[in-house]
Amino acid sequence: MQHDNAEIEGDNVRVSQRLLLVCLVFALSTWSLAQARPFPGPDVQQIYQRLLPQIEKITAFDHHAHPGFADDSDVDAMAAPPNASEALRTRSDNPELAAAAKALFGYPYDDLSTEHAKWLLDKKTELKKQLAGPAYFNSILDKINIESSVANRAMMPDYLDPKRFPWVFFGDAFMWPFNNERETARNPDEGVYIPLQEKMLHRWMQQENVGKLPATFSGFLKFITQTLEDNSRRGGIAIKFEVAYFRPTTFSDPTRAEAESIYRRYVAEGIPTEKEYRTFQDFVFRFLVQEGGRLHLPIHIHTAVGIGDYFNLSQSNIMNLESVLRDPRYASTTFVMIHGGYPLEREAIWLAAMKNVYLDTSFGELAQYPSAFKNTLKMFLETFPDKITFGTDCFPYNQVLGAEESYWLGAQSSRMALAGALAEMISEGEVTESRALELAHAYLHDTAVKLYDGRVR
Ligand SMILES: [Zn+2]
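Residues numbered from 1 in each chain as written. Predicted model: local features only at pLDDT ≥ 70, side-chain atom pairs only at ≥ 80, totals over all residues. Heavy atoms only, no water.

J.: What exactly am I supposed to notice about the overall build of the protein chain here?
T.: When you go through the protein chain residue by residue, the secondary structure sums to 16 helices and 9 strands. Here the C-alpha coordinates of the protein chain stretch approximately 110 × 60 × 35 Å along the principal axes. Long-range pairs, those at least 24 residues apart, make up 76% of the contacts in the protein chain between residues at least 6 apart in sequence. Here the protein chain displays about 20500 Å² of accessible surface, and carbon together with sulfur accounts for 56% of that area. Averaging the locations of the 46 positively and 60 negatively charged side chains of the protein chain gives two centres separated by 4 Å. (Helix = DSSP H or I, 4+ residues; strand = E, 2+ residues; numbered from the N terminus. Contact = heavy atoms within 4.5 Å. Areas by Shrake-Rupley, 256 points an atom, 1.4 Å probe, with all protein chains shown as cover. Lys, Arg positive; Asp, Glu negative; His and termini not counted. Charge placed at Lys NZ, Arg CZ, Asp CG, Glu CD.)

J.: Quick question: what am I supposed to make of the packing of aromatic side chains here?
T.: To describe a pair of aromatic rings, you give the distance between the ring centres and the angle between the ring planes. Overall, the coordinates contain 36 aromatic pairs when judged by the stated rule. Relative to Tyr 263, the ring of Phe 178 lies with its centre 6.1 Å away and its plane at 55°, an arrangement referred to as tilted. Of this pair, Phe 178 sits in the loop between β4 (167–170) and α6 (181–185) while Tyr 263 sits in helix α9 (residues 256–266); the two residues are 85 residues apart in sequence, bridging distant segments of the chain. By relative accessible area, which is 5% here, Phe 178 ends up buried. Given a relative accessible area of 0%, Tyr 263 falls into the buried group. Seen from their ring centres, Phe 217 and Phe 220 are 6.4 Å apart, and the 20° between their planes marks the pair as stacked. Of this pair, Phe 217 and Phe 220 both sit in helix α8 (residues 217–233), 3 residues apart, roughly one helical turn. According to the relative accessible area criterion, Phe 220 is buried, its value standing at 0%. Positioned above the aromatic ring of Tyr 136, the side-chain terminus of Lys 128 is 5.8 Å from the ring centre. (Phe/Tyr/Trp six-rings, centres within 6.5 Å; stacked < 30°, edge-to-face > 60°. Buried < 20%, exposed > 50% of the residue type's maximum accessible area, 1.4 Å probe, protein only. Lys NZ or Arg CZ within 6 Å of the ring centre and 35° of its normal.)

J.: What's the story with the nonpolar core in this structure? I'm lost.
T.: Nonpolar side chains tend toward joint burial in soluble globular proteins. Ile 55, Phe 220, Phe 335 and Leu 422 are the most contacted members of the largest nonpolar core, which has 124 residues in total. A per-element tally of this core places helix α15 (residues 403–427) first, with 13 residues. With residues up to four places along the chain from it excluded, the contact list for Ile 55 reads Arg 415, Leu 418, Ala 419, Leu 422, Leu 437, Ala 440 and Leu 444. (Core = buried A, V, L, I, M, F, W, Y, C linked by side-chain atoms within 4.5 Å.)

J.: Mind showing me how you'd approach unusual backbone geometry here?
T.: Working note: non-glycine residues mostly have negative phi, and peptide bonds are mostly trans. Backbone torsion omega between Tyr 342 and Pro 343 reads 5°, so that peptide bond is classified as cis. Along the chain, the position of Pro 343 falls in the loop between β7 (335–338) and α12 (345–348). In this model, His 296 sits at a positive phi of 55°, which is unusual for a non-glycine residue. The residue His 296 is located in the loop between α10 (274–294) and β6 (299–302) in this model. Judged by relative accessible area, His 296 falls into the exposed class, the value being 56%. Despite not being glycine, Phe 363 has its phi angle at roughly 75°, a positive value. Looking at where Phe 363 falls in the secondary structure, it is placed in the loop between β8 (357–360) and α13 (364–367). Judged by its relative accessible area of 18%, Phe 363 falls in the buried class.

J.: How should I be thinking about the pattern of salt bridges in this particular structure?
T.: Summed over all chains, the structure comprises 28 salt bridges. Taking the shortest distance from any N to any O, the salt bridge between Lys 374 and Glu 424 comes out at 2.7 Å. In this pair, Lys 374 is assigned in helix α14 (residues 370–381) and Glu 424 in helix α15, connecting sequence segments 50 residues apart. This pair shows no difference in class: Lys 374 is buried, exactly as Glu 424 is. In the salt-bridge network here, residues are joined through shared partners; they are Arg 182, Glu 183, Arg 186, Glu 274 and Arg 278. (Salt bridge = Lys/Arg side-chain N within 4 Å of Asp/Glu carboxyl O.)

Structure below.
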């Protein structure tokens, strides 16, 4: 019995030692989750390698893109001014674009020299014949695992499938109904942009059978509402503003009477002073924001640096929009800050504290290489992870480098940066791996899709 007892006691000691060890390991592991550390561990590469294929399998929703062919002037409501400087990675000689052509079309060369580029042109021509109509661009989305992609375009062409390319139309043109001589002459960039706004306004007028601008201000506002409602019926899911290209994004809060008297004075003739024009535009912009809320059309706003050497960074600072975004009168309007305020992302993410404000990361993944974009994403994910959405800002550069290659580069860069950001967050004890994958799904697809009441997937 003694002996047995001693044995049992010994066993008990061993059991409690083992229990202690288990408890200690458990405590350490929960401690490492509860208390983040400032550096990723040596496991970060392994976690990245494990996450990337899982992230590549997530079918994405592209929240901001300009799909179309290079000879299609409707891919945007504006156009690139001649001779604009381009940042390194967005130049058409970026060797990564050859990698894109390789992945998408089996391009056999490493560069895009003129004779090699001919191979790519021929290949695309052949494919477009095989995949007639919407099948061609649908096949591109399939290749990069995107379920559907916003088409932020002036108008929709018949070669894009509206089920997979929901239309985001432009709302800026309503702000330029007067004589724009001075606006156009401001600098060479405006010389390109403003006439295109006039053209867009005339297209809306044609669409709504409005021969000339209404004589009364209430008639003008009715014309705006009618255009928005029709565009929504035609499949439009949101209203996009690229107003930062044309004027400062600080919006005052004029009364309707002020805007009305300016409209009456200048709708037929005369040139409003700069101050008068701005006051009128400020009212119209706020009217559009309010209508966007009423009609369930989220408001997309370009918030980042822009193309063209005259793009004014300080006047287009995303923080200029704060007075509009935090205005309780617009609580029922959903705002999407396109391009996430780049390069002012750190300030921008705090605007997403507003329940109705979201940040789209498109262009950030092209302006920066994945090593830097990873840090942007990580900062977003660590602040308001449920308020950020993925976009490529794809655009047809030219006949050789199309929206196709640009889609690929945007999607690849974003997925790599996302895997990198999440791998660091896991390794640093901020999130678990399963939580990280939830965040990846939200960013690449779910958060954006939820904004459109079942109109997109
Ligand atoms: Zn864009």
